Amino acid sequence: MRRDPTPVQTLADLIRGRQPCVVLTGAGVSTESGIPDFRSPTGVWARFDPQEYATIDAFRGNPAKVWEFYAPRVSMLIGAEPNAAHHAIAELQRRGLVEAVVTQNIDLLHERAGSGEVVEVHGSIRSFTCLQCGAGYELSYVLRQLHAARDEPPRCASCAAVVKPDVVFFGELLPERALERAFTLARGAGLLLVVGSTLEVWPVADLPGETLRHGGSLAIVNLGPTACDRQAELRIEGSAGEILPAVVEAL
Ligand SMILES: [Zn+2]
């Protein structure tokens, strides 16, 4: 008697059969690393008003206040470790089965898990910029400043203005090159594998359509529904940290 393949086996077969595969990740891939998401009832925006802490106008108006939110957030992010999902995606990249990762996350966990190309469409905490004079700073500079004066926001070494994380704030344009690369990858993908994103926020909301219009397929691993469930060839309800290592095993 023939048994139907499990969803995990079906996903493994899709990854192998629909090359190139591009992985698109959202907050859900990092929640198992202890990083809260933004939009869920227990998420960051349930406790902090994004109008006060995450808009470019808020930063320009009162950068020190925005840093009261960002300083503990940066410490939390650098204290977090990549989880089984990040490691499984990096392994798929090492095996040549995933071309690149496009992520909404700013936490650097894909890179720390050893992923190859990672396209960060919302920026990251890797670098910081002085909006006054344009000077750029690395994370290590900001960490030293935060460590030296806990209640002080990190400042530019040349003009003393408060520096801003190179994370996309509300009201800011998205990084053009990353955006262009993300759409190019989506267009060329035989399979777009969405992990831990509800696909509600632009630009990632438009990437599945870009893949589908150009003849590629869509697979989704997420806890809870997404905006593109009906267009997906396969949808697995579950945690990324359990599903993805099982997919690596099944390949
Ligand atoms: Zn400056």
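Residues numbered from 1 in each chain as written. Predicted model: local features only at pLDDT ≥ 70, side-chain atom pairs only at ≥ 80, totals over all residues. Heavy atoms only, no water.

Considering the sheet that holds strand β6 (residues 163-167)
The condition is simple: Strand pairing is assigned whenever DSSP detects at least two bridges linking the two strands. A helix here means a DSSP run of H or I that spans at least four residues, while a strand means a run of E at least two residues long, and both kinds are numbered starting from the N terminus. Each axis is a line fitted through C-alpha atoms, taken for helices only over the stretch in contact, and angles between the N-to-C directions span 0 to 180 degrees. Whether two residues touch is decided by their heavy atoms; if any such pair falls within 4.5 Å, the residues are in contact.
On the basis of which strands lie adjacent, the open sheet formed by three strands has the order β5-β4-β6 and antiparallel pairing. With one partner strand each, in any of the chains shown, β5 (136-138) and β6 form the two edges of the open sheet. Averaged over all adjacent pairs, the angle separating strand axes in this sheet is 40°, with direction ignored. Two elements, strand β4 (residues 123-130) and β6, share four bridges in a ladder whose sense is antiparallel. Directly across from Cys 130, in β6, lies its bridge partner Val 163. Along the sheet, helix α8 (residues 139-148) contacts β4, β5 and β6; its crossing angle with β5, the most-contacted strand, is approximately 75°.

Considerations on the state of the cysteines
Rules: Two cysteine sulfur atoms make up a disulfide if the distance between them is within 2.5 Å. Buried residues are those whose accessible area, probed at 1.4 Å on protein chains only, stays under 20% of the maximum for their type, while exposed residues exceed 50% and partly exposed ones sit between those limits.
For the structure on display, the rule yields zero disulfides. The thiol sulfur of Cys 21 is not disulfide-bonded, and the nearest other cysteine sulfur, from Cys 228, lies at 16 Å. In this structure Cys 21 comes out as buried when scored by relative accessible area, which is 0%.

Things to note about the coordination of the zinc ion
Note the threshold: For Na, K and Ca the donor cutoff is 3.2 Å, while for all other metals N, O and S atoms must lie within 2.8 Å; water is not among the atoms, so some sites may look incomplete. Geometry is assigned from donor-metal-donor angles: four donors are tetrahedral when every angle falls between 85 and 135 degrees, four are square planar and six octahedral when opposite donors sit over 155 degrees apart with all other angles between 65 and 115, and any other arrangement is irregular.
Listed as protein donors to the zinc ion are Cys 130 (SG), Cys 133 (SG), Cys 156 (SG) and Cys 159 (SG); their distances from the metal cover 2.3 Å. Coordination geometry of the zinc ion: the four donor atoms subtend angles of 96 to 120° at the metal centre, consistent with an arrangement described as tetrahedral.

Digging into the pairing of strand β2 (residues 100-103)
Side chains of β2 alternate between two faces, with Ala 100 and Val 102 and Val 101 and Thr 103 buried alike. Here strand β1 (residues 21-25) pairs with β2 via four bridges, running parallel. Paired with Val 23 across the bridge in β2 is Val 101. In the sheet, β2 pairs with strand β3 (residues 118-120) via three bridges, with the strands oriented parallel. Directly across from Thr 103, in β3, lies its bridge partner Glu 120.

Points about the packing of aromatic side chains
Selection rule: Stacked, tilted and edge-to-face are the three classes assigned to paired rings of Phe, Tyr and Trp, where Trp is represented by its six-membered ring and a pair needs centres within 6.5 Å; plane angles under 30 degrees give stacked, over 60 edge-to-face, the rest tilted.
Under the criterion given, the structure shown has nine aromatic pairs. Measuring from centroid to centroid gives 5.9 Å for Phe 59 and Phe 169, while their planes differ by 85°, and the two rings are edge-to-face. You can see Phe 59 sitting in helix α4 (residues 56-61) and its partner Phe 169 sitting in the loop between β6 and α9 (176-188), a full 110 residues away along the chain. Taken as a pair, Phe 59 and Phe 169 share a single burial class, namely buried.

With respect to the sheet that holds β1
An order of β3-β2-β1-β7-β8-β9 is seen for the six strands of this open sheet, with the pairing classed as parallel. The sheet is open, and its two edges are formed by β3 and β9 (234-237), each paired on a single side. Averaged over all neighbouring strand pairs, the angle between strand axes comes to 15°, with direction disregarded. Where strand β7 (residues 191-195) and strand β8 (residues 217-222) come together, five bridges link them in parallel fashion. Paired with Leu 192 across the two strands is Leu 218, which belongs to β8. Against the sheet, α9 contacts β1, β2 and β3, and its axis sits at roughly 125° relative to β3.

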